[in-house]
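What follows is each chain in one-letter form.
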Amino acid sequence: MRVVPPRVSRASQASPEWRKHVSGTAQRQLRIVIVGAGLSGIMAAIKLQKQGYHDVVLYEKADRLGGTWRDNSYPGVACDIPSHFYSYSFAPNPDWSRQYSPGAEILAYVERVAAEHGADRCIRFSEEVTHCTFSDGRWLLTTSRERNDVADVLIVATGVTHHLNLPKLAGLSSFEGACFHSARWDHDVAVDGRRVGVVGTGSSAVQIVSALVDRVAKLALFQRTAQWIMPQDNAVFSAEDKQTFRSDPAVMTKMRAGIARRFIERFSDAVVDRGSAQLQVIEDTCRNNLETQVHDPALRERLRPSYRVACKRLVISPDFYQAIQKPSAQLVTDPIERVEPTGVRTRDGELHELDVLVLATGFRTDRFMRPMQVVGPAGRVLDEVWSSRPSAYLTLAVPGFPNLFMLNGPNGPVGNFPLIEVAELQMSYIAQLIDLLRDGVCRALSPSQSASAAFENARVQAAQNTVWTTGCASWYLDDRGVPATWPWTIAQFYAALAKPDLSAYELV
Ligand SMILES: Cc1cc2nc3c(=O)[nH]c(=O)nc-3n(C[C@H](O)[C@H](O)[C@H](O)COP(=O)(O)OP(=O)(O)OC[C@H]3O[C@@H](n4cnc5c(N)ncnc54)[C@H](O)[C@@H]3O)c2cc1C
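Just so you know, these numbers come straight off a predicted model, no measurement behind them. (Residues numbered from 1 in each chain as written. Predicted model: local features only at pLDDT ≥ 70, side-chain atom pairs only at ≥ 80, totals over all residues. Heavy atoms only, no water.)

A. Representation of the packing of aromatic side chains in the model. Summed over all chains, the structure comprises 21 aromatic pairs. Ring centres of Trp486 and Phe493 lie 4.9 Å apart, and the angle between their planes is 75°; this geometry places the pair in the edge-to-face category. For the pair Trp486 and Phe493, one class covers both residues: buried. A network of ring pairs unites the aromatic residues Tyr393, Phe455, Trp486, Trp488, Phe493 and Tyr505 as a single cluster. (Phe/Tyr/Trp six-rings, centres within 6.5 Å; stacked < 30°, edge-to-face > 60°. Buried < 20%, exposed > 50% of the residue type's maximum accessible area, 1.4 Å probe, protein only.)

Next comes the structure, spelled out in structure tokens:
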């Protein structure tokens, strides 16, 4: 039997019924604080302002907005969702250079949209929110600048790819060359004509290898786990295309809808049904890519994963297989024994001499808003609630933490679904709850324990049908081996977040 997520029950929706009880009541002036000025936080600020909320402050720990796209400037960085879908629904961009645009363009896009909508004016830069405590119906905040602030509503948009995952490699600190994480690329370090090592085989590593292979003297890719690679056609948009987009923005809207529909049907719905025909098509495409693009049978076998396609986040690349077959590239599959002053020694005893070592080892995706200390009513500490694993009702709120909402919080849709779209859906839902606070329906609200537990049980059960449980190690899996993701279709995500079911909430 297919388990469906909690659905909107018509009877319990925030219907106009409640309005008659509060008609004539003055609207409450809400102060809303957003934490994090990445794509999600900026979008939240814009939507709130459009909805008539003007006391909105956004704290950003860095000195520039953009989050992921500010932090990741490595060679080859790009999105792997078509740019016209990986854009805000309300801000189509006629100037994307390619189907999958480079990171610098995405950063410029979010900065431009923030400026055009005035969202940049509400940002307090270089100010990390360190503590949030709920007291007397409001959140009291403390920042790294020792500022105290208050918020009626707290929206946490601190990202999933923010905290670096650094590998525990013996001897790493003894390396005498340059060493950095892919999300902290050191542009003062020359790579041209030098010997570069890359640890990791995820999306960032694959993009770096393709971008550097023709520039360096040697590129050693240290592979622990092989990846399935989905081929990609990264077409360039011509000046004529861009002119068409500019003169008729409806073309972009239509194109976005088309990409979304195809993406959902062919990809997002496939990964949540491990027996689906669409998943088989993806498998065949990736297998065919490996068989036809890698010519040396021995190398092909070393690049062949031992698990099902899309069990780990699928890597999408137009040219990785070509890059790894170039004379300057070396695929190293022997495990790393230790790092030494002059390079990396593998278990077979070989020393791979290097000038630069790049750690493309991903992120601690289970950290979310932490290390921020969040203390709810009665001294309930979020870090303790999440000590085994982070969880959330419908991906965006936690029982016992009133008026606190998350964008791209725990268990959201993954499987290469654009997180901008996820955050927009979440924000539309959250905005409806905030309206209830403004209109005096209640002063505080949070999901009930029972609704949250029912949601979590259904989620864990449904996860068994997804491709993520077919036998691979991945960052999707929690400490129990349960994928920390939305296990239903995207249509069910849209349905569940269309309108809050107030019977799932405790209203005070
Ligand atoms: C290289 C790379 C490529 C990616 N490509 C894609 C893609 O193609 N498609 C896709 O859907 N997703 C992709 N992602 C995932 C990406 O994380 C999201 O798409 C999106 O950028 C997340 O935006 P965000 O605003 O939610 O989080 P972030 O971009 O992580 O922004 C969070 C912000 O919060 C700030 N912050 C954190 N804690 C605090 C605090 N306590 N106080 C103040 N500020 C704080 C951070 O400094 C940061 O600016 C990619 C990720 C990476 C690393």
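The structure having been displayed, the exposition proceeds.
B. Highlighting helix α13 (residues 449–463). In a regular helix each residue adds 1.5 Å, so 15 residues correspond to 21 Å; α13 covers 21 Å between its end C-alpha atoms and thus fits that length. Within α13 the residues assigned to the buried category are Ala451, Ser452, Phe455, Glu456, Ala458, Arg459, Ala462 and Ala463. Seen end-on, α13 carries its buried residues on one side only, within an arc spanning 165°. For α13, exposure combined with an orientation more than 90 degrees from the buried face picks out Ser450, Asn457 and Gln461. Of the surrounding elements, those touching the buried residues of α13 are β20 (445–447). (Helix = DSSP H or I, 4+ residues; strand = E, 2+ residues; numbered from the N terminus. Expected span 1.5 Å × (residues − 1). Arc of directions from axis to C-beta. Contact = heavy atoms within 4.5 Å.)

C. Quick look at the packing of helix α7 (residues 249–271) against helix α8 (residues 277–293). Where α7 meets α8, the axes come as close as 8 Å, and the angle between the chain directions of the two elements is 105°. Taken together, the axis directions place α7 and α8 in an arrangement best described as roughly perpendicular. Across the interface between the two elements, Glu265, Arg266, Phe267, Asp269, Ala270 and Val271 from α7 touch Gln278, Leu279 and Ile282 from α8. For the contact of α7 with α8, the per-class residue count stands at five nonpolar, one polar and three charged. (Axes fitted to C-alpha atoms, helices over the stretch in contact; angles between N-to-C directions. Parallel < 35°, antiparallel > 145°, perpendicular 65-115°, else oblique. Nonpolar A, V, L, I, M, F, W, Y, C, P; charged D, E, K, R; others polar.)

D. Representation of the sheet that holds strand β4 (residues 129–135) in the model. Judged by pairing direction, the sheet is mixed, and its four strands sit side by side in the order β6-β5-β4-β18 without closing on themselves. Of all the strands in the sheet, the pair left with one neighbour each is β6 (148–151) and β18 (373–375). Across this sheet, the average inter-strand angle for adjacent strands is 20°, counted without regard to direction. Here strand β5 (residues 138–143) pairs with β6 via four bridges, running antiparallel. Paired with Leu140 across the two strands is Val150, which belongs to β6. (Pairing = 2+ DSSP bridges.)

E. A look at the site of the ligand. In the neighbourhood of the ligand, 34 residues make up the surrounding shell, with Ser40, Glu60, Asp80, Tyr86 and Thr161 lying closest. Side-chain polar atom of Trp69 to an oxygen atom of the ligand: 3.3 Å apart, as the coordinates give it. Residue Asn408 places a side-chain N or O atom 3.3 Å away from an oxygen atom belonging to the ligand. In isolation the ligand has 990 Å² of accessible area, and contact with the protein removes 95% of it. Secondary structure elements with two or more residues in the shell around the ligand: α2 (39–50) and α3 (68–71). (Near = heavy atom within 4 Å. Polar contact = N/O pair within 3.5 Å; in protein donor to acceptor, adjacent residues only side chain to side chain. Areas by Shrake-Rupley, 256 points an atom, 1.4 Å probe, with all protein chains shown as cover.)

F. Local environment of helix α5 (residues 203–212). For α5, a buried count of eight out of ten residues is recorded, marking the element as mostly surrounded by other parts of the structure. As for α5, its buried residues are in contact with β9 (195–199), β10 (218–222), β11 (229–230), β12 (315–316), α10 (320–324) and β17 (356–359).

G. Spotlight on the side chain of Ser87. On the secondary structure map, Ser87 appears in the loop between α3 and α4 (103–116). Polar contacts involving the side chain of Ser87 include one to the side chain of Trp96, which spans 3.1 Å. In this structure Ser87 touches Trp96, Tyr109, Arg256, Ile420 and Glu424, once residues within four positions along its chain are discounted.

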